[in-house]
Amino acid sequence: MSELRKGSQGPGSRDPGLAVLRAGQARNLVLATFAFAVTFWAWNLIGPLASTYNRQLGLTPTQTSLLVAIPVVVGALGRIPVGVLADRFGGRRMFAAVCFVSIIPVLFVGWSGSYGWLLFWGFLLGIPGTSFAIGIPFVNAWYEPARRGFATGVFGAGMGGTALSAFFTPRLAAELGRPGTHLLMAAVLALTGVLMLGASRTSPLWSPATAPALPRMREALKVKATWQCSFLYAVSFGGFVAFSTYLPALLENAYRFAQTEAGMRTAGFSIAAVLSRPLGGTLSDRLGAVRVLMAAFGGVVVMAVVLLFRPPVEVPAGVSFVLMACFLGLGTGGVFALVAKLVEASKVGTVTGLVGAAGGLGGYFPPLVMGAVYAATGTYTIGYVLLAITAAAALLYTWRAFRQA
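Since we're looking at a predicted model, the values are computed, not measured.

Caption draft 1: Region of interest: the overall build of the chain. What the chain contains, in helices and strands, is 17 helices and 0 strands. Taken over C-alpha atoms, the radius of gyration comes to 20 Å for the chain, in line with the 22 Å a tight globule of 405 residues would show. With the principal axes as the frame, the chain shows a C-alpha extent of 60 × 45 × 35 Å. Relative to its full complement of 405 residues, the chain shows a buried share of 57%. Here the contacts in the chain between residues at least 6 apart in sequence split such that 85% fall between residues at least 24 apart.

Caption draft 2: Quick peek at the packing of aromatic side chains. Applying the stated criterion to the full structure yields 27 aromatic pairs. With a centroid separation of 5.7 Å and an interplanar angle of 45°, the aromatic rings of Phe36 and Phe132 are classed as tilted. With Phe36 in helix H2 (residues 16-43) and Phe132 in helix H8 (residues 132-140), the pair connects residues that are 96 residues apart, well separated along the chain. For Phe132, a relative accessible area of 0% corresponds to the buried category. Taken together, a centroid distance of 6.0 Å and an interplanar angle of 75° make the contact between Phe108 and Trp111 edge-to-face. Of this pair, Phe108 and Trp111 both sit in helix H6 (residues 91-111), 3 residues apart, which is roughly one turn of that helix. Taken together, Phe36, Phe40, Trp43, Phe132, Phe155, Tyr233, Phe237, Phe240 and Phe336 form an aromatic cluster joined through their ring pairs. Positioned above the aromatic ring of Phe167 is the side chain of Arg171, whose terminal nitrogen or guanidinium carbon lies 4.2 Å from the ring centre. In this structure, Arg310 packs its charged tip against the face of Tyr255, placed 5.5 Å from the ring centre.

Caption draft 3: Main features of the pattern of salt bridges. What the rule picks out here adds up to 4 salt bridges. Residue Arg22 is joined to Glu144 by a salt bridge in which the shortest nitrogen-to-oxygen separation is 3.1 Å. Note that Arg22 is positioned in helix H2 and Glu144 in the loop between H8 and helix H9 (148-156), a separation of 122 residues in sequence. Since its relative accessible area comes to 5%, Glu144 is described here as buried. The closest approach of N and O atoms between Arg216 and Asp87, which form a salt bridge, is 3.8 Å. Residue Arg216 is located in helix H11 (residues 213-222), and its partner Asp87 is located in helix H5 (residues 79-89); the two are separated by 129 residues in the primary sequence. In this structure Asp87 comes out as buried when scored by relative accessible area, which is 5%.

Caption draft 4: Spatial organisation of helix H3 (residues 50-57). Buried residues of H3: Ala50, Ser51, Thr52 and Tyr53, and no others. Gly58 occupies a position one or two residues after H3 and carries a positive phi of about 65°.

Caption draft 5: Main features of the packing of H5 against H6. Between H5 and H6, the shortest axis-to-axis distance is 7 Å and the interhelical angle comes to 135°. Taken together, the axes of H5 and H6 lie oblique to each other. Residues Val82, Leu85, Ala86 and Phe89 of H5 lie in contact with H6, whose contacting residues are Gly91, Arg93 and Met94. Partitioning the contact of H5 with H6 into residue classes produces 5 nonpolar, 1 polar and 1 charged.

Caption draft 6: Region of the structure containing a nonpolar patch on the surface. Together, Phe365, Val369, Ile382, Val385, Leu386 and Ile389 make up an exposed nonpolar region whose accessible area comes to about 510 Å². At the level of secondary structure, the elements contributing two or more residues to the nonpolar patch comprise helix H16 (348-377) and helix H17 (381-402). Top element by residues in the nonpolar patch is H17. It accounts for 4 residues.

Parameters at a glance
Residues numbered from 1 in each chain as written. Predicted model: local features only at pLDDT ≥ 70, side-chain atom pairs only at ≥ 80, totals over all residues. Heavy atoms only, no water. Helix = DSSP H or I, 4+ residues; strand = E, 2+ residues; numbered from the N terminus. Rg over C-alpha atoms; globule rule 2.2 N^0.38 Å. Buried < 20%, exposed > 50% of the residue type's maximum accessible area, 1.4 Å probe, protein only. Contact = heavy atoms within 4.5 Å. Phe/Tyr/Trp six-rings, centres within 6.5 Å; stacked < 30°, edge-to-face > 60°. Lys NZ or Arg CZ within 6 Å of the ring centre and 35° of its normal. Salt bridge = Lys/Arg side-chain N within 4 Å of Asp/Glu carboxyl O. Axes fitted to C-alpha atoms, helices over the stretch in contact; angles between N-to-C directions. Parallel < 35°, antiparallel > 145°, perpendicular 65-115°, else oblique. Nonpolar A, V, L, I, M, F, W, Y, C, P; charged D, E, K, R; others polar. Patch = residues over 30% accessible without salt bridge, like charges linked within 9 Å, V, L, I, M, F, W, Y side chains within 5 Å. Areas by Shrake-Rupley, 256 points an atom, 1.4 Å probe, with all protein chains shown as cover.

This is the structure:
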């Protein structure tokens, strides 16, 4: 960090270390964002085909929601050890490793023909969802503190892989069949792993963490910001994950859309969140992460209240979903701008793993709740009420915990 501080004295600074850093920023940020998008596409292969599984296997709404949510478990909890490993081995090697390992569950999900095997391989399909804990410390190490909100926001736009999946996966399945679609995804993962090994580079300011993993995790858990940001990310990113995985089923049940139509609208939701995430990071650099987070959670409350009345399609329902995505995207960008400012660089990977796990778990439970609510009542009203209450709690906590900032 000392090199960074010396090289951040102003626009006229000619520190050679900072010049080397800036020379590699754009390329490595683009590569990391691309790898993140590919792995997130793989992570979200089940959700866009939920109605296909429902028809073929005769699933109940609760079984469908469990199948959609199951990859989130490993994608969430796996971020903790993957974040620790990223601090130890670096983002370049870890990105490649996750891409290569993810090929196995991607292929077997495509070939599974029973609900039990789908749950098993869907559980392991969470592995590509751990890549988030790799990318945040990787791009943080390439950027000076004043631009880390921007960098993590741009990297976070890679969650647009869920939009790619929502739009293309149903269409590819219609053309190639489910096994062919998964085989194509496996090939893309293999190429991405090779690309990260061959083209990405480790920041000259990065150094591996050599301390044992468990003590580093204990130290990260002692950092107050870890717990604060975990809660805020569970609401913001968890909300995004929940909508991006369960929205196809919700739209088919509540508004009677066909699978491809629901997928197209879910892609629009994801794109809105993706575009808002780097905006949230950039605004956090300029206005402060606390202001951005308060605006984001306030907006989620308003949109949840609107949606609980089941507005008609496409306006205002479609607009409400898009605005919901925008507010959630702003929130996800704001949280990691806050992490970058509150946590020292040597702990960012470990803290990111913990915060990312909380965000993933935040996205695991809502689809289960929504499925159970719909099965019991035939509507999603109670689910929207719970979302509004949760977002309001996050808004109040942000104001109380960081109001001096």
